[in-house]
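Here is what each chain is made of, one letter per residue.
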Amino acid sequence: MIESIMFGLTIGAILYLVSIGFAITFGTMRIINFAHGSIYALSVYLFMMVLPYVQNFVLALVISVVLIIPLSYLIERYIIRPLYGDAVHYALVATYGVLFATTDLIKWIWGTNPKLISVPTKVTLQIFDVDFPLYRLIIIIVAIAVFFALNLFFRKTIAGKVIVAALDDSTGVRCLGIDQYRYFSLVFIIGSVLAAVGGIIYSPIVSAEPYMGFKFVLLAFAVTIVGGMGNLTGAFYSAFGLGMVIAMTARVWPRLSEMMVFVVMAAVLLIRKEKDFS
Amino acid sequence: MLSVDSVDVFYGHAQALHNISLELKQGEFAFMVGRNGAGKTTLLKTICSLLSCKNGSITFENKDIQKLRTELLAQQGIRYIAQDKKVFSGLTVKENLQLASFAAKVSLTETIDMALEIYPEFKDLLNQKAGMLSGGQKEILLIVRALIGKPKLLLIDEPTEGLASIVIKDVFRLLKMMKGEVSAIIVEQNLKLVSQLADRVYTLREGHMVKEISNTKECAIMEELEAYL
């Protein structure tokens, strides 16, 4: 049981890192950004390319994340920005196209076979008499640290406050004379960086394969829906909650573990619909 | 100051405004009255570029402003206050003012002083989440926010809608205080308020401008306006 809880926390931490950018983009710009999955997958493959040269996990992570920033800027600037304010399905189709294109690019450059990345530290800790890998504990700590850092960013900086305000009333922000799109770009890049970090630190736990972006972007979508669209704290609880759902279902029926996330998402949507209706 | 000339606006294929023209001089308060669906909000949103017009022209201080984005117009002094009384509810009252002061490049201290001068009750509410304010306080916060940085033209959509009569008095007091300092086009159904503050009244019906009253004395005759509601 303890093992499952720790596994759930690890998955939850990764889900949070990968989903937060998706949730912010959805909440502020009303854009369902499937290209988020491209960033996630590409960053892992870039990392695999860089790691043998630098022989240092953290340094390779930093370099890969830096390399992914221009790509995320290009996606925001030339694919997403022209679609701000348009119907939600335009961006959905456009970003889905990006996800397809990058998946094919990955297959073309790196092939279709899954690739393994070794864990940077094999040290284990004894938690409640269970051996728990230090690396997974680091992942959980990183996610919690990111949560607090983002909270500070949103509460204490003007850029953060503009985003919080835009989550409430994007028209109101524009009517004050603030060019919110500048801030959206910044937040888009922050979200992409976090997706890249999430993807890279998760890659030693799972294997890297070209379709990993598809799988994770759907999970990020579920986290965003369950957490409440645009609710950044909600996304944190939702990510860890759904991480637990995956871990607990995996104990009983591993094949259904990820499907349960979408069952929970559907249930949450139904409950919300009932509430709204009543 | 503002000139709207023969403007047509469409929602898809449906025409919402037909050949609308209006004029506003500096310091004037123009009110727009009309039934629901008459096109009053559409016109305000078109002036501030939240909607675009198919035909016609909109000029502000002799410059064509049709192609300018809403945020750029706000920087040039045209501020729109929506009907829904939506403040930035996740931020405190002070932070709401802070964003306005940041946008207008005015110091926060100056902004807060101004806000407290206009509405002293904000003193105890500065650190409260704006979402917790009453409807009237939200409307006042929206107007105060829009006033920061000395705008030239306010477009205010139904400022007293849904407010208790005691709160309407506060909004009325604020609008009266603003009169002469800033120009405004205000959509309003409260004819008592219109009759006391209007320099001009435009009446709309089904997207058409049906009457313009530009005589202050005539504006004060409520019975005349009632016919258009």
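Scroll up a little and you will see the structure.
Basis of the calculations
- Residues numbered from 1 in each chain as written.
- Chains lettered and ligands numbered in written order.
- Predicted model: local features only at pLDDT ≥ 70, side-chain atom pairs only at ≥ 80, totals over all residues.
- Heavy atoms only, no water.
- Helix = DSSP H or I, 4+ residues; strand = E, 2+ residues; numbered from the N terminus.
- Contact = heavy atoms within 4.5 Å.
- Areas by Shrake-Rupley, 256 points an atom, 1.4 Å probe, with all protein chains shown as cover.
- Lys, Arg positive; Asp, Glu negative; His and termini not counted.
- Charge placed at Lys NZ, Arg CZ, Asp CG, Glu CD.
- Expected span 1.5 Å × (residues − 1).
- Buried < 20%, exposed > 50% of the residue type's maximum accessible area, 1.4 Å probe, protein only.
- Arc of directions from axis to C-beta.
- Buried area = accessible area lost by both parts, 1.4 Å probe.
- Salt bridge = Lys/Arg side-chain N within 4 Å of Asp/Glu carboxyl O.
- Polar contact = N/O pair within 3.5 Å; in protein donor to acceptor, adjacent residues only side chain to side chain.
- Nonpolar A, V, L, I, M, F, W, Y, C, P; charged D, E, K, R; others polar.
- Core = buried A, V, L, I, M, F, W, Y, C linked by side-chain atoms within 4.5 Å.
- Phe/Tyr/Trp six-rings, centres within 6.5 Å; stacked < 30°, edge-to-face > 60°.
- Lys NZ or Arg CZ within 6 Å of the ring centre and 35° of its normal.

1. Re the overall build of chain A
Move 1: Across its full length, chain A carries 10 helices and 2 strands.
Move 2: Taken along the three principal axes of its C-alpha coordinates, chain A extends 55 × 50 × 35 Å.
Move 3: When contacts within chain A are restricted to residue pairs at least 6 apart in sequence, those whose partners lie at least 24 apart make up 75%.
Move 4: Total accessible area on chain A stands at roughly 12,600 Å², and carbon and sulfur atoms take up 67% of it.
Move 5: Taking the average location of the 18 positive side-chain charges in chain A and that of its 13 negative ones, the two points are 3 Å from each other.

2. Looking at helix α6 (residues 165-178) of chain B
Each α-helix winds once per 3.6 residues, and so residues spaced three or four apart point in a common direction.
Residues and elements named next belong to chain B.
Move 1: Its 14 residues give α6 an end-to-end C-alpha distance of 20 Å, which sits within 8% of 20 Å, the value for a rise of 1.5 Å per residue.
Move 2: Residues V167, I168, V171, F172, L174, L175 and M178 constitute the buried set of α6. Angularly, the buried residues of α6 cover 165° about the axis, an arc narrow enough to put them on a single face. Those residues of α6 that are exposed and aimed more than 90 degrees away from the buried face are S165, I166, K169 and K176.
Move 3: Close packing links the buried residues of α6 with β3 (29-33), α4 (108-118), α5 (135-147), β7 (153-157), β8 (183-187) and α7 (191-197).
Move 4: Once α6 finishes, G180 follows within two positions and takes phi at roughly 90°, a positive value.

3. Overview of the interface of chain B and chain A
Move 1: Taken together, the contacts link 21 residues of chain B with 19 residues of chain A.
Move 2: Considering only the side of chain B, the residues that lose the most area to chain A are B:E71, B:F88 and B:L99, jointly responsible for 29% of the buried surface there.
Move 3: Where chain B packs against chain A, one counts 3 salt bridges.
Move 4: The salt bridge partner of B:E71 is A:R174, with a shortest N-O separation of 3.0 Å.
Move 5: Counting every contact that joins chain B to chain A gives 6 residue pairs in polar contact (both at pLDDT 80 or more).
Move 6: Sorting the residues of the side of chain B that touches chain A by element identifies α2 (70-75), β6 (78-81) and α3 (93-104) of chain B as the ones contributing at least two each.
Move 7: For the side of chain B that touches chain A, the class distribution of residues is 10 nonpolar, 5 polar and 6 charged.

4. Considering the nonpolar core
Move 1: Counting 147 residues, the largest nonpolar core has A:L15, A:Y16, A:I201, B:L97, B:F122, B:L175 and B:M178 as the members making the most contacts within it.
Move 2: It is helix α1 (residues 2-29) of chain A that contributes the most residues to this core, 14 residues altogether.
Move 3: Beyond its immediate stretch of four places on either side in the chain, A:L15 contacts A:F216, A:L219, A:V223, A:A239, A:L242, A:G243 and A:I246.

5. Quick word on the side chain of B:Q98
Move 1: Its location among the elements puts B:Q98 in helix α3.
Move 2: One polar contact links B:Q98 to A:K161, side chain to side chain, over a distance of 2.6 Å.
Move 3: If we ignore the near neighbours within four places in the chain, the residues touching B:Q98 are A:I158, A:K161 and B:L108.

6. A look at the packing of aromatic side chains
Move 1: According to the stated counting rule, one finds 23 aromatic pairs over all chains in the structure shown.
Move 2: Through a chain of ring-to-ring contacts, three or more aromatic side chains come together here, namely A:Y16, A:F147, A:F148, A:F236, A:Y237 and A:F240.
Move 3: Sitting over the face of the ring of A:Y78, A:R77 holds its NZ or CZ atom 5.2 Å from the ring centroid.
Move 4: Sitting above the plane of the B:F88 ring, B:R145 keeps its charged end 4.0 Å from the centroid.

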